[in-house]
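# Chain and residue survey
This is what each chain is made of:
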Amino acid sequence: MANPRRVKMVAKQIQRELSDMLLTDKVLQYAVLPEAALGADRYLSSLTTISGVEVSADLQNTIWLGVVKMVSVFGDERGREVAIAGLKAKAKYVRSELGRHMKLRLTPEIRFIEDESLERGSRVIAILDRIKNEKEAAARRDGEQ
Amino acid sequence: MAKLIPRIGSRKNERISSRKNARRIPKGVIHVQASFNNTIVTVTDVRGRVVSWSSAGTCGFKGTRRGTPFAAQTAVGNAIRTVVDQGMQRAEVMIKGPGLGRDAALRAIRRSGILLSFVRDVTPMPHNGCRPPKKRRV
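Because the structure is a prediction, the values reported are computed rather than measured.

### A look at the packing of helix α1 (residues 69-85) of chain B against helix α2 (residues 101-111) of chain B
Residue and element names in this part refer to chain B.
- Relative orientation of the contacting elements α1 and α2 amounts to 40°, with a least axis distance of 8 Å. Taken together, the axes of α1 and α2 are oblique relative to one another. Considering only the axes of α1 and α2, their crossing is right-handed. Residues P69, A72, Q73, V76 and I80 of α1 form the contact with α2, whose participating residues are G101, A104, A105, A108, I109 and R111.

The following block contains the structure:
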């Protein structure tokens, strides 16, 4: 069993490497955002971010050796589906690139999962803001009367 | 002896304009620099002159909490509050860097009621220039 502290460090490093890959690697960018191939000059319709990485506890030979990546996509519905489908299609490529960049004894398998927590949090805060505004408007109206 | 170059902006000739930054800017640019440990938000006008800025660190977060998405969204709220009073309706967003602040900042801008005209990614990309720092060993 690997040291849990080391597992966390590896997870953080994988997150950094993946975020960099999303920014620099052309193949990944075309998978996530097909308009980049047309040379859309970086005007984005959707934005993908790696919001978290979880690594299985064993970093060595095990039955299941995996890394789960939570991906948060900002954009409209179609852009989101395209981005997630593109990333899932490139999972093997991402694994090989990760093995080239990082020095690990065994490069883990990679799975991408869409992360909805940021979206949900944003919706909750929007609802709370709306309630607050409505209350303030009502209080102002009562004050005038 | 070098030739005397007339100093541009010497105070004798020019009046100091916009003392308290009371200009109204209907359209501006929001720059978000999202690194792994912090998020810096700068609001400028279309030409690039800074109007206001804020960051996760100045919002009271310290240490590891500066890199979180919640800190990014507080920083955006802080920076936009001053500008919305000056009457900014439309904005273009320029995002730089990896980091969780990218997503959270965009959502916060969208929520605040400012119209997003464009979202651009301006992460600096060398055409193989300077040597990057050495690889981290984990």
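### Quick notes on a positive patch on the surface
- Taken together, the side chains of A:K103, B:K134, B:K135 and B:R137 present a region of like positive charge at the surface.
- Summarising the element assignment, B:K135 is placed in the segment after β5 (115-121).

### Focus on the interface of chain A and chain B
- Tallying the contact residues gives 29 residues for chain A and 24 residues for chain B.
- With a closest N to O distance of 2.8 Å, B:R107 and A:E119 form a salt bridge.
- Between chain A and chain B we count 5 residue pairs in polar contact (both at pLDDT 80 or more) in total.
- By residue number, the principal contributor to the side of chain A that touches chain B is helix α1 (residues 4-24) of chain A, which donates 9 residues.
- By residue class, the composition of the side of chain A that touches chain B is 12 nonpolar, 10 polar and 7 charged.

### Focus on the pattern of salt bridges
Residues and elements named next belong to chain B.
- Tallied over the entire structure, the rule returns 8 salt bridges over all chains.
- One salt bridge connects R120 with E92, and the closest N-O pair in it is separated by 3.8 Å. Here R120 is found in strand β5, whereas its partner E92 is found in strand β4 (residues 90-96), with 28 residues between them in sequence. Each of the two residues, R120 as well as E92, counts as buried.
- Across the pair R107 and D103 runs a salt bridge, and its minimum N-O distance is 2.8 Å. Residue R107 and its partner D103 are located together in helix α2, separated by 4 residues, close to a single helical turn.

### Looking at the packing of α1(A) against helix α4 (residues 91-101) of chain A
All names here are of chain A.
- Running from N to C, α1 and α4 point in directions that differ by 115°, and their axes come no closer than 11 Å. Both α1 and α4 take part in a crossing whose hand is right-handed. Residue-level contacts link I14, E17, L18 and M21 of α1 to V94, E97, L98 and H101 of α4.
- In terms of residue class, the contact of α1 with α4 is built from 5 nonpolar, 1 polar and 2 charged.

### Thoughts on unusual backbone geometry
- Of note in this structure, B:N128 is not a glycine but carries a positive phi near 55°.
- Within the secondary structure, B:N128 sits in the segment after β5.

### With respect to the environment of A:R111
- As for its position among the elements, A:R111 is in strand β3 (residues 109-114).
- Residues A:R111 and A:K88 lie 23 residues apart in sequence; the distance between their C-alpha atoms is 7.4 Å.

### A few points about a nonpolar patch on the surface
- Nonpolar side chains collect at one region of the surface, where A:V124, A:I127, A:L128 and A:I131 lie side by side and expose about 340 Å² of accessible area between them.
- Relative to the assigned elements, A:L128 resides in helix α5 (residues 117-144).

### What to know about the layout of surface pockets
- Put simply, the largest pocket is a space of about 1,000 Å³.
- Lining the largest pocket are 26 residues, and of these A:D20, A:T24, A:H101, B:P132 and B:P133 lie nearest its centre.
- For the lining of the largest pocket, the elements supplying multiple residues, two or more each, are α1 and α4 of chain A.
- With 7 residues, the single largest contributor to the lining of the largest pocket is α1(A).

### A word on the packing of aromatic side chains
Residue and element names in this part refer to chain B.
- Under the criterion given, the structure shown has 1 aromatic pair over all chains.
- With 5.9 Å between their ring centres and 85° between their planes, F61 and F70 make a pair best called edge-to-face.
- Classification of F61 as buried rests on a relative accessible area of 13%.
- Overall, the relative accessible area of 48% leaves F70 in the partly exposed class.

Cut-offs applied
Residues numbered from 1 in each chain as written. Chains lettered and ligands numbered in written order. Predicted model: local features only at pLDDT ≥ 70, side-chain atom pairs only at ≥ 80, totals over all residues. Heavy atoms only, no water. Axes fitted to C-alpha atoms, helices over the stretch in contact; angles between N-to-C directions. Helix = DSSP H or I, 4+ residues; strand = E, 2+ residues; numbered from the N terminus. Parallel < 35°, antiparallel > 145°, perpendicular 65-115°, else oblique. Left-handed = near helix turned anticlockwise from the far one by under 90°. Contact = heavy atoms within 4.5 Å. Patch = residues over 30% accessible without salt bridge, like charges linked within 9 Å, V, L, I, M, F, W, Y side chains within 5 Å. Areas by Shrake-Rupley, 256 points an atom, 1.4 Å probe, with all protein chains shown as cover. Salt bridge = Lys/Arg side-chain N within 4 Å of Asp/Glu carboxyl O. Lys, Arg positive; Asp, Glu negative; His and termini not counted. Charge placed at Lys NZ, Arg CZ, Asp CG, Glu CD. Polar contact = N/O pair within 3.5 Å; in protein donor to acceptor, adjacent residues only side chain to side chain. Nonpolar A, V, L, I, M, F, W, Y, C, P; charged D, E, K, R; others polar. Buried < 20%, exposed > 50% of the residue type's maximum accessible area, 1.4 Å probe, protein only. 1 Å grid on protein atoms, 1.4 Å probe; cavity = no way out; pocket = protein on both sides within 12 Å on 5 of 7 lines; lining within 4 Å. Points joined across faces, edges and corners; volume = space filled by probe spheres on them. Phe/Tyr/Trp six-rings, centres within 6.5 Å; stacked < 30°, edge-to-face > 60°.

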